[in-house]
Amino acid sequence: MITPDFLTRGSKIALVAPARKISREEVAFAVKWIEEKGFVAVYDDRLFAEYHQLAGGDDFRAGVLQDYLDRDDIDAILCARGGYGTIRIVDKLDFTKFAKHPKWIVGYSDVTVLHAKMQQLGYQSIHGTMAINFEKNTKEALDSLYEALTNPSFRAKREHSPLVNKSSNNVNSQMITGKKDFSIPLRFSRNDMVVGGNLSVLYSMLGSDLFPETDGKILFIEDLDEYLYHIDRMMMGLKRAGKLANLKALLVGAFTDMHDNAIPFGMTAKEIIFEKVKEYGYPVIWDYPAGHIEDNRAIIFG
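Summary of the structure given here. Since this is a predicted model, take the numbers as computed values, not measurements.

### Looking at the overall build of the protein chain
From N to C terminus, the protein chain includes seven helices and 11 strands. The buried share among the 302 residues of the protein chain stands at 53%. Counting contacts in the protein chain only where the partners sit at least 6 residues apart, residues at least 24 apart contribute 78% of the total.

### A few points about helix α6 (residues 228-240)
Each turn of an α-helix holds 3.6 residues, which means side chains three or four residues apart point in the same direction. Relative to the 18 Å expected for 13 residues at 1.5 Å per residue, α6 spans 18 Å between its end C-alpha atoms, a close match to the ideal helical length. Within α6 the residues assigned to the buried category are Leu228, His230, Ile231, Asp232, Met234, Met235, Gly237 and Leu238. In this structure, the buried residues of α6 make contact with α5 (199-205), β8 (218-224), β9 (249-256) and α7 (269-277). One or two positions beyond α6, positive phi appears at Gly242, with a value near 80 degrees.

### Here we look at the sheet that holds strand β2 (residues 40-42)
Strands sit in the order β2-β1-β3-β4-β5-β11 across an open sheet of six strands; the sheet is mixed. Looking at strand neighbours, the two that pair on one side only are β2 and β11 (299-301), the edges of this open sheet. Neighbour to neighbour, the strand axes of the sheet diverge by 25 degrees on average, direction disregarded. When strand β3 (residues 76-79) meets strand β4 (residues 104-107), the two strands line up parallel, connected through three bridges. Across the sheet, Leu78 pairs through a bridge with Val106, a residue of β4.

### A few points about the pattern of salt bridges
It is possible for side chains bearing opposite charge to pair when their charged atoms get close. Counted by the stated rule, this structure contains 16 salt bridges. Between Asp192 and Lys248 there is a salt bridge whose closest N-O contact spans 2.8 Å. With Asp192 in the loop between β6 (176-177) and β7 (194-198) and Lys248 in the loop between α6 and β9, this pair connects stretches of sequence that are 56 residues apart. With a shortest N-O distance of 2.9 Å, Asp295 and Arg297 are connected by a salt bridge. For the pair Asp295 and Arg297, one class covers both residues: buried. A cluster of three or more residues bridged by salt bridges with shared partners is formed by Lys12, Arg71 and Asp73.

The rules we used
Residues numbered from 1 in each chain as written. Predicted model: local features only at pLDDT ≥ 70, side-chain atom pairs only at ≥ 80, totals over all residues. Heavy atoms only, no water. Helix = DSSP H or I, 4+ residues; strand = E, 2+ residues; numbered from the N terminus. Buried < 20%, exposed > 50% of the residue type's maximum accessible area, 1.4 Å probe, protein only. Contact = heavy atoms within 4.5 Å. Expected span 1.5 Å × (residues − 1). Pairing = 2+ DSSP bridges. Axes fitted to C-alpha atoms, helices over the stretch in contact; angles between N-to-C directions. Salt bridge = Lys/Arg side-chain N within 4 Å of Asp/Glu carboxyl O.

Here's what the structure looks like:
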């Protein structure tokens, strides 16, 4: 995988809204943070365009993103927010000029589409917080984004993750499960690749050329505001498509604000996920601090 150049003082970060619309007030804190870190925030009135729920029509949003993908003076693209809409424009984008000057693409949730495109093309990207969230993000989340953008030695970290073996049916937080008995802490190498993103968005790409290759990879998943039976449906879809059988590990982020029906589904999100993968025997890392939470820490995909 190709690693874009890491940022230094004076590097330019473009703010782009590839999906839902956003206001000046909602990006103000992020712009301030960018400037305080010694970078230059690049955006114009196009960032605040409106077309119903979206930040402009499909061709308009694609055109704005294309502009920043092509520009040699842009070092990173920070997505302003998610929502829905990136899948509508990804096939309109041309990455020919981007390949001559790769840059970091940063975001999560709906931006999973762009991460998948980066993985398809062979570039690393950053699953991390977006401009709309900066004001409420934890210091650790913002520090991790800064480190991911600037530090070639950056590694995503998870403190206090004890290991247990597969014989335990407990899926409480801070637990890693696997078929083998682990006598030493689980370690990954720099050759191990993380792919994935938002489960709902991944599910929407299932069967297309954008769905990431998962065999031998660490698959990361997270989600927000879903019914539990939807989580079951999506995990069943990935399982039946063969996307879960040969992972190096499953990295489970936040599953926030889950819903249930009047007649309960009968399992939590963790129990649903564990049921689908426990037969495979690879490690499952629970409660990784990433996703739709304030402590949304950066992960370098690819």
